[in-house]
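Notes for the structure review
Letter by letter, the chains look like this.
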Amino acid sequence: MGGIGNHLHWDHLSPPLGIAMMLKTLLLSSCLGWVYCQDSSIMSAEEKNTIREQIVEMFDHAYGSYMKYAYPADELMPLSCRGRVRGLEPNRGDIDDSLGKFSLTLIDTLDTLVVLNKLDEFEEAVKKTVRDVRLDNDVVVSVFETNIRVLGGLLGAHVMAELLRERGERMQWYEDELLHMAKDLGHRLLPAFNTSSGLPYPRVNLRYGVLNPLSRTGTESDTCTACAGTMILEFAALSRLTGDSVFEEHARKALDVLWEKRQRGSDLVGTVINIHNGDWVRRDSGVGAGIDSYYEYLMKAYILLGDNVYLERFNIHYSAIMKYISQPPLLLNVHMHNPTVSVRSWMDSLLAFFPGLQVLRGDLKPAIETHEMLYQVTKQHKFLPEAFTTEFRVHWGQHPLRPEFAESTYYLYKATGDPYYLRVGQSIVEKLNAYARVPCGFAAVQDVRTGTHEDRMDSFFLAEMFKYLYLLFTEKSQLPFDIDDFIFTTEAHLLPVSLSTTQRPCKGNNTEAPTLIQEEDMFTYSCPSTQTLFPNNPSFAKTIRDSYKYLTGVGRAFHSLPVREIELPLHDTGMEPVEFLKSMGISLTPLHEAASSDSEHKGVYRVKLVAEVSQAPEDEVLPIIVQLISPPFLGRTVLTGGPAKFGMDLTKKEHGVKGSIVKSSPYTACGPIHNEDELKGHIALALRGDCMFAGKARRLQEAGAVGVIFIDNREGSNSEETPLFQMVGDGDSTADLLDLPLVFLFSREGAVLTAALEEHSNVDVLLLPKERQLGHEKPVGMNIKFRLAEEGELDEGLLARGPTLEFVLENGEVRLEEKGEEVLLEKGEVRLEEEEEKGEEVLLVEEEEEKGEVRLEEEEELGGKERAGERHCTAVSDDGSTEPCSEQAGQTSPSDSSETLDINNSGPPDTDV
C-alpha cells in the first residue's frame, strides 16, 4: 500500500471529471486546530527530529550490513552475517521464489535512498545495479514477487533518477538504463500470461520462460487472487514510460478475468483460482493474504491511470467487504458463496494494510477501529504475529518484519494529524531496536512468544518499513521532492500520478464501466476531508479509539468489578425466572437486606449479579512423536512434532501408526506425485511450502501413502525454541475425506529423520501421541520378590497371607501357577502366563517404564542338571546395551532356595526387548 497527497479540501466529483485535480488533492492532512484536542501529547519538532535521525541510523545499519556482508546476493542473513544465495542455502520453499540472483535487496531499496535524502548513496547504488545486475538467469521466480519488488524497484528508481537528472545537479550520466532493464524484465515475465484464461502462471523461469522444456515450470494450475491481480500498476507504468502497450494489456486482462469470476451474489472473490479455466480453488474471501493487494490495485489503478472502471469495481468490492467481512474492529474471512458464514477464527497480519486503503477512500471510522485493534495486539505480543485469533492470541507466531502496520499508521497520521499516531510509530521504532536488531542488521522474529530470531531480513523491510517510518516523522519541506506527486505501489515504490495525464493511455485500455446498480455513499467519488469526516467534533477519533483501548486486556489496571443491582419480579411462589436464569449460567444471590421496603413492590427482591471476565488460556497443542523403531535406532530416537486439525486423529489409535518412510517426489508434494509405487503403503516425507498442507495430504493419500510427515522449510526451527502449532486445512470440504495421520516436524527434527533415511535403506517409524510414547509413562518403582521352593513346600499359612506366585522347576520348564487371585499393580501389570511347550520363554513381568525393561527367561537348551534351575535376568540400560541383573542360581540346589530375588524396576525402556 502507498499513498499520495497531503491537501485538505472536499470536492464532489463525477466519475469522468476532475481526475487530475483528484490526483493532486486525494489525500490527507488535517486541521491543525484539531491536533491540539487529541488525547496524546503533542510531539515537539525536536523530538520528531530525534526519532527521524534514529530511523536513518537504523536504515544505515540494515542497508550497510547488506552491502558489507551480502551484496551482490539477493538477501542478507543477519544472524550468519552473509548473503543468501539461492541453491547454496537450504531450500525454504515458496519463500525462495523471491530470489532470482538479481541483487533483490539492492533494487528494492533504491528509491528508499532518495526518500531518506541519501542522494550520493542512491547514485552509487544505481551504478552498481547497471554494472552488476543480470536478469538472464536460469532461475524460477515468483511472477508476483518479481513484479512488485524488482520491476517496481527499477521503475521507482528510474523515476527518481530522471527527477534528479532534470534538476541538473546529479545523475547527468544517466541515460534510462534502469528503464531498459525494467523493459527487459517485463518481457521475461510476459510468458507467464500465456494461458487460455489470461491469468498468469505463478512462476516463470527468467531465462526459459514457462513452457520451455528447460523452464522447470508450467505445471502449476492455480494462482492466488493477489498474485494475478497485482500487476497493473507496474505493467501499466512500464507501458506508458516505454510506449509498449503489451504489458498494460496483459495486466488489464488478468483483472478483467478476476472481475468476471467474482461471485455475483456477494461481489466477493476467492483466494486461489485455476489459471486455465477460472474456477475457484479456494473460496474463502477476506482482505488479507491471497487477496489483499488485488483490492489495493483497483483503487490505485484509478488514481494512477485515470481509468474509471477500476474505481467502479473497487467500490462494488468495497461495499461487499464492509457488508460481509468487516466486523469492526475485526476483518474475518467468509465463504464467497455464503458470506454470512465466517470460515476461520483467526486473522493474518497482511490485513494490516487495509486501514490505509480505507483512508485513501476516506472511510476513516472503520480504519481507526481496525488500526487500534492491531495496535493493541502489538502491545500484547510486541509485533503482529503472522496470524492471531479473534481473541487476540497467537495462531502463527512468526513476524518477518512486515511493514503493513507502519504503512497504515502513516496514512492515519497524514489523514488526521493526530500525534497519537506519531506515538504508535515511535513504539514501532523502539520495538525494532529492542527485539529485532542484531549485529549484522535486523532479524525476523521466529516466534513472538519466545522472541527467538530467524536468519532472515526480507528486502521489503528496507523498501517499505523505513520509508513509511521516515515519512511519518518528516515534514513535506524536508523531502527532496513533492511526495504528493507520487503514489506508492504495494511495495512502496514511487510512481508519478502524472502518468494519467502526461502519458496517453495505451490502445484498448479504457475498459467499460460495470453496468451494475450499486449503493453509493459520500466517499464513492469524493476526496477525503477531515473537515467533513470530523465536523466540529475534534474528539471523534479519540472516542473511536477509546472503545478499543483495552481490547486485549493489555494496559488495564485490575479493579474488582462493581456490584450492580437490578430488580426482578421474583414472587414467593414463582421461582421460574430464577431457574431460567440458572439455565443460562447466571447465578443469583439475594441480598440479605434486599427485601424491598416499598409496599408497592411487595414480593420483589434485589438481586446481586457478580460477573468476572477472564482471558481463556492458549489452546493446548497435543504433541505427536515420531519414534524411529527399526535398527539401529530401536526406539531410542524420538522426535517431537505437532498435529493437524484434519486427517486421522492419532489419539484414537491405541497403538499409533507404524510404517517405513519414503520421500515424496516432488519433495513439496505440490504437483503430480512421481513416485506413487514407492509411496504405496509407506509414510511420506514432504517439505513445507509452495502449497497448503491439505493439498499435499490429498495428493499423497491418492498416491497410496498411509501417513505424512511434513518438515519445516525454515532452516534452524526446532521444537525446543518454537512452540508447537496445529496444521490447519484449506477450507475445502474434501479435507473431511482425509484419513491419514499427519505430523509436522520442525527443521532440526526433520533433518534427523532425513539423515537417517540417507544413511539406512529402510527406516521404520511409529507415529503416536507423546503421552502414549513407548516407555514414557510416569516412572514407578516396584519390588517383586520370588522365592524358589520344592513342589508342595508352600503351606496353607503362606496362602492365607495373600496372593503368592509359585515356581515349579521340572524337566527344564518353568511353570507358573497362581495361588490366590490375579495380581494387578496400579502402574504396571504382572501377567501370569503358563507355557505348554518346553523351552519357550515365560514373561513374568511385562512393564514398559522409563529406565528399562526386565525380563526373566528360561534357556531353550538345557545344559545338564546344573542349568535346570538357572535364572536369567537381563536389563536394558540407557545406551541400549544389555547386561545381567542377577547372579546364576543354577549352582544352588533346590533345598537352598530360600534366598529371594529383589528386582527394582523403574524408568522407561529405550527399546523393545
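What you are looking at is a predicted structure, and each value in this text was computed from that prediction instead of being measured.

Among the five residues in strand β29 (residues 707–711), five count as buried, and that is most of the element. Sheet topology places strand β28 (residues 683–687) next to β29; five bridges connect them, and they run parallel. Paired with L685 across the bridge in β29 is I709. Each parallel crossover has a hand, and for β28 linked through helix α23 (residues 693–702) to β29 it is right-handed. Bridge analysis of β29 against strand β30 (residues 742–745) gives four bridges, and the strand direction is parallel.

One pass over the structure, following the stated rule, counts 26 aromatic pairs. With a centroid separation of 6.2 Å and 65° between ring planes, the pair formed by F442 and F466 is classed as edge-to-face. Remark: F466 occurs in helix α17 (residues 459–472) and F442 occurs in strand β17 (residues 441–442); sequence separation between them is 24 residues. Judged by its relative accessible area of 0%, F466 falls in the buried class. Every member of this aromatic cluster is reached through a ring pair, and the members are F59, Y63, F442, F461 and F466. The residue whose ring lies beneath R262 is W259, and the NZ or CZ to ring-centre distance is 3.9 Å. Stacked on the ring of Y667, the Lys or Arg K663 has its end atom at 4.6 Å from the ring centre.

Glancing now at the sheet that holds strand β25 (residues 624–628). Taken in spatial order, the seven strands make up an open sheet running β26-β25-β31-β27-β28-β29-β30, and their pairing is mixed. Of all strands in the sheet, those with a lone pairing partner are β26 (637–641) and β30, marking the two edges. Each neighbouring strand pair of the sheet contributes to a mean axis angle of 30°, computed without reference to strand direction. Relative to strand β31 (residues 764–769), strand β27 (residues 657–663) runs antiparallel, the two being bridged by four bridges. In the strand pairing of β31, S660 is matched with D764. Here α23 sits on the sheet and contacts β28, β29 and β30; the angle it forms with β29, its principal contact strand, is near 140°. In the packing of helix α24 (residues 747–759) onto the sheet, contacts are made with β25, β26, β27, β28, β29, β30 and β31, and the angle to β26 comes to roughly 140°.

Another aspect to go through is the sheet that holds strand β14 (residues 387–389). Here three strands make up an open sheet; going across it, the order is β13-β14-β15 and the pairing antiparallel. For this open sheet the edge positions go to β13 (346–348) and β15 (394–396), each flanked by a neighbour on one side alone. The mean inter-strand angle of the sheet, taken between neighbouring strand axes irrespective of direction, is 30°.

Okay, the nonpolar core next. The biggest cluster of nonpolar side chains holds 172 residues, and the ones touching the most others in it are F122, I232, L432 and F442. Among the elements that make up this core, the one with the highest residue count is helix α6 (residues 143–167) (13 residues). Counting residues in each nonpolar core, the second largest holds 25 residues, with A644, A697, L724 and L740 among its members.

Applying the stated rule across the entire model yields 37 salt bridges. One salt bridge connects R252 with D256, and the closest N-O pair in it is separated by 3.1 Å. With R252 and D256 both in helix α10 (residues 246–260) and four residues apart, the pair spans about one turn of that helix. Per residue, the accessibility class of R252 equals that of D256, and both read buried. Between R456 and D458 there is a salt bridge, with its nearest N and O atoms 2.5 Å apart. In this structure R456 comes out as buried when scored by relative accessible area, which is 10%.

This paragraph deals with the confidence of the model for the protein. When pLDDT is averaged across the protein, the result is 77; 67% of the residues are at 70 or more. Low pLDDT, under 50, characterises residues 591–618; the predicted model gives this stretch 47 contacts beyond four residues in sequence or across chains. Counting interchain partners and residues more than four positions distant, the pLDDT-below-50 stretch residues 776–782 has 21 contacts.

Let us look at the packing of α10 against helix α12 (residues 308–325). Packed helices, taken two at a time, are described by the angle their axes make and the gap between the axes. At their nearest, the axes of α10 and α12 sit 12 Å apart, and the two run at 35° to each other. In this structure, α10 meets α12 at a crossing whose hand is left-handed. Only Y310, R313, I316 and H317 of α12 make contact with α10, whose side of the interface consists of R252, L255, D256 and W259. In terms of residue class, the contact of α10 with α12 is built from four nonpolar, one polar and three charged.

Right, let's get into the packing of α6 against helix α7 (residues 177–189). Two elements in contact, α6 and α7, have axes separated by 8 Å at closest approach and are oriented at 155°. The angle between α6 and α7 falls in the class roughly antiparallel. Every pair of crossing elements has a handedness; the one defined by α6 and α7 is left-handed. On the side of α6, the interface is formed by T146, N147, V150, L151, L154, L155, A157 and H158, while α7 contributes L178, L179, M181, A182, L185 and L189. By residue class, the composition of the contact of α6 with α7 is eleven nonpolar, three polar and no charged.

Below, the discussion takes up unusual backbone geometry. Look at the link from Y71 to P72: it is a cis peptide, with omega at 10°. Structurally, the position occupied by P72 is in the loop between α3 (45–70) and β1 (75–77). For the peptide bond that leads from P328 to P329, omega is 5°, which places it in the cis range. The residue P329 is located in the loop between β9 (326–327) and β10 (330–331) in this model. Unlike most non-glycine residues, K382 shows phi in positive territory, near 75°. Here K382 is to be found in the loop between α14 (364–381) and β14. For K382, a relative accessible area of 35% gives the class partly exposed. With a phi angle near 70°, F392 is a residue other than glycine that sits in the positive phi range. Following the sequence through the fold, F392 ends up in the loop between β14 and β15.

Thresholds, definitions, all that
Residue numbering note: each chain is counted from 1, following its sequence as written. The model is predicted, so local features are restricted to residues of pLDDT at least 70 and side-chain atom pairs to those at 80 or more, both for listing and for counting; the totals for chains, interfaces and linings are taken over all residues. Only heavy atoms go into the side-chain values, all of them from the structure, while hydrogens and water stay out. Buried residues are those whose accessible area, probed at 1.4 Å on protein chains only, stays under 20% of the maximum for their type, while exposed residues exceed 50% and partly exposed ones sit between those limits. The helix and strand labels rest on DSSP assignments: H or I over at least four residues marks a helix, E over at least two residues marks a strand, and numbering proceeds from the N terminus. Note on pairing: DSSP must find at least two bridges between two strands before they are called paired. If the strands point away from the viewer and the path from the first strand over the helix to the second runs clockwise, then the crossover is right-handed. Centres within 6.5 Å make a pair out of two Phe, Tyr or Trp rings, where for Trp the six-membered ring is used; the pair is then stacked when the planes are under 30 degrees apart, edge-to-face when over 60, and tilted otherwise. Two conditions define a charge sitting above a ring: the NZ of Lys or the CZ of Arg must be within 6 Å of the ring centre, and it must be within 35 degrees of the ring normal. Axis lines are fitted through C-alpha atoms, for helices just across the contact stretch, and the angle between N-to-C directions can take any value from 0 to 180 degrees. Residue contacts follow a heavy-atom distance rule, with two residues in contact if any of their heavy atoms lie within 4.5 Å. Each nonpolar core is a collection of buried residues, namely Ala, Val, Leu, Ile, Met, Phe, Trp, Tyr and Cys, held together in the definition by side-chain atoms within 4.5 Å. Here, a salt bridge means any side-chain nitrogen of Lys or Arg that lies within 4 Å of a carboxyl oxygen of Asp or Glu. A residue's pLDDT is simply how confident the predictor is in it, with values from 0 to 100. Each crossing is labelled by how the near helix is turned from the far one, with a counterclockwise turn of less than a right angle marking it left-handed and a clockwise turn marking it right-handed. Three residue categories are used. Nonpolar comprises Ala, Val, Leu, Ile, Met, Phe, Trp, Tyr, Cys and Pro, charged comprises Asp, Glu, Lys and Arg, and polar comprises the others, including Gly. Note on angle classes: values under 35 degrees are labelled roughly parallel, values over 145 roughly antiparallel, values of 65 to 115 roughly perpendicular, and the remainder oblique.

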